[in-house]
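Examination of the molecular architecture
Chain by chain, the residues:
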Amino acid sequence: MSAVVLDHITKTYDDGKVVAVDDVSLQVAEGELFGLIGPDGAGKTSLFRILTTLLLPDKGSATVRGYDCVKDFKAIRSRIGYMPGKFSLYQDLTVKENLDFFATLFGSSIEENYDLIRDIYEQIKPFNDRRAGKLSGGMKQKLALCCALIHKPEVLFLDEPTTGVDVVSRKEFWAMLKSLKQQGITIVVSTPYMDEAMRCERIALIQGGKIMSVDTPDNIIAQFPVTLYAIKADDIYRLLTALRNEPAIDSSYAFGEYIHITLRNGSDIDTLRQQMEEKGHAHVAAKAIRPGIEDSFIRLMNQA
Ligand SMILES: Nc1ncnc2c1ncn2[C@@H]1O[C@H](COP(=O)(O)OP(=O)(O)OP(=O)(O)O)[C@@H](O)[C@H]1O
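Summary of the structure given here. Given the structure is predicted, the values throughout are model-derived calculations rather than measurements.

A short note on the overall build of the protein chain
Within the protein chain, the secondary structure is distributed over 11 helices and 14 strands. Expressed along its principal axes, the backbone C-alpha trace of the protein chain runs to roughly 75 × 45 × 35 Å. Each of the 304 residues in the protein chain was classed as buried or not, and the buried ones make up 38%. Taking the intrachain contacts of the protein chain between residues at least 6 apart in sequence as the baseline, contacts between residues at least 24 apart amount to 71%.

Points about the packing of helix H4 (residues 114-124) against helix H5 (residues 137-149)
Axis separation between H4 and H5 bottoms out at 9 Å; the angle between their running directions is 150°. Taken together, H4 and H5 sit at an angle that is classed as roughly antiparallel. Between H4 and H5 lies a crossing of left-handed hand. Residues Leu116, Ile117, Ile120, Tyr121, Gln123 and Ile124 of H4 lie in contact with H5, whose contacting residues are Met139, Lys142, Leu143, Leu145, Cys146 and Leu149. Across the contact of H4 with H5, the residue classes tally to 10 nonpolar, 1 polar and 1 charged.

Some words on the sheet that holds strand E4 (residues 59-64)
Judged by pairing direction, the sheet is antiparallel, and its 4 strands sit side by side in the order E2-E1-E4-E5 without closing on themselves. Every interior strand has two partners, whereas the edge strands, strand E2 (18-28) and strand E5 (67-68), have only one. As defined by bridge partners, strand E1 (residues 4-13) adjoins E4 across 5 bridges and the pair is classed as antiparallel. Bridge pairing links Leu6 to Ala62 in E4.

Some details on the site of the ligand
Lining the immediate surroundings of the ligand are 13 residues, of which Tyr13, Ala20, Lys44, Thr45 and Ser46 lie closest. Within the residue set of the shell around the ligand, elements represented by two or more residues are E2 and helix H1 (44-51). Class assignment of the residues belonging to the shell around the ligand gives a composition of 4 nonpolar, 5 polar and 4 charged.

The rules behind each value
- Residues numbered from 1 in each chain as written.
- Predicted model: local features only at pLDDT ≥ 70, side-chain atom pairs only at ≥ 80, totals over all residues.
- Helix = DSSP H or I, 4+ residues; strand = E, 2+ residues; numbered from the N terminus.
- Buried ≥ 20, exposed ≤ 12 C-beta atoms within 10 Å, placed from the backbone.
- Contact = placed C-beta atoms within 7 Å.
- Axes fitted to C-alpha atoms, helices over the stretch in contact; angles between N-to-C directions.
- Parallel < 35°, antiparallel > 145°, perpendicular 65-115°, else oblique.
- Left-handed = near helix turned anticlockwise from the far one by under 90°.
- Nonpolar A, V, L, I, M, F, W, Y, C, P; charged D, E, K, R; others polar.
- Pairing = 2+ DSSP bridges.
- Near = placed C-beta within 6 Å.

Below, the structure written as structure tokens:
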């Protein structure tokens, strides 16, 4: 049995004028760390809200651990943990009060499932009496995760848990998710950060409510169909503008100190480099590179 199943789910808003989720089907295996990867407005939150029984789909069906997201909402609510994108904490309650509150909601206690939250809770315990509203972003995130875990959920849904959190806390957070996965919890996590996609076992790349690809990050990258080049010159912005008008160029976008490009059939990189130098671009350097998940996402997006 899959832990999560989405079967042709569609969700619209404003009398059908906004299509937030467009005929999405996918499955998440038991114990998997699965990522929904896409920019703002891609439809990630709508999918989470359907799976956590807070929103009804227009069409299609969805199950969590075999329970129907519409009919069996009560059974699902007791089996899942949900960390919404905007923090779910009560800002005026202290760390301990927040935890106690969420534990009580599920008829549990901090002590009952302490093992599950120990590693995370120990980091915020020194601030037990501090109000949640006075915690740093990273600490709020840890407390919110503890609150989502306090009733020992079978499936954990995390909507953009690392947005607005510093780099070190982001890294720590992913280490925590790995450890939770090792304890058998299925995790569905969304993020707009492509580097975080690589930390998931499988990912769905989402754009405009549609799934563009579902696979392991490595397999998605391996499907990149053409050679990708990184090119630079002294004046990178002038080069980018020039490349956009070159017939040899299939796609081009700035990427750190380089421009990533793909070429149209029949064009070659050495000729392009020479042409750019002849047009007055200084120190043009180009090399073939291995695509990253961001390159795959951009290509799929352009195709769509
Ligand atoms: N209640 C609503 N009424 C109208 N439109 C909505 C509503 N909720 C979401 N939308 C729209 O549906 C689309 C998908 O939004 P959703 O929040 O599901 O995406 P997301 O990937 O989670 O993005 P974000 O991170 O910005 O929340 C967006 O165009 C959004 O503006």
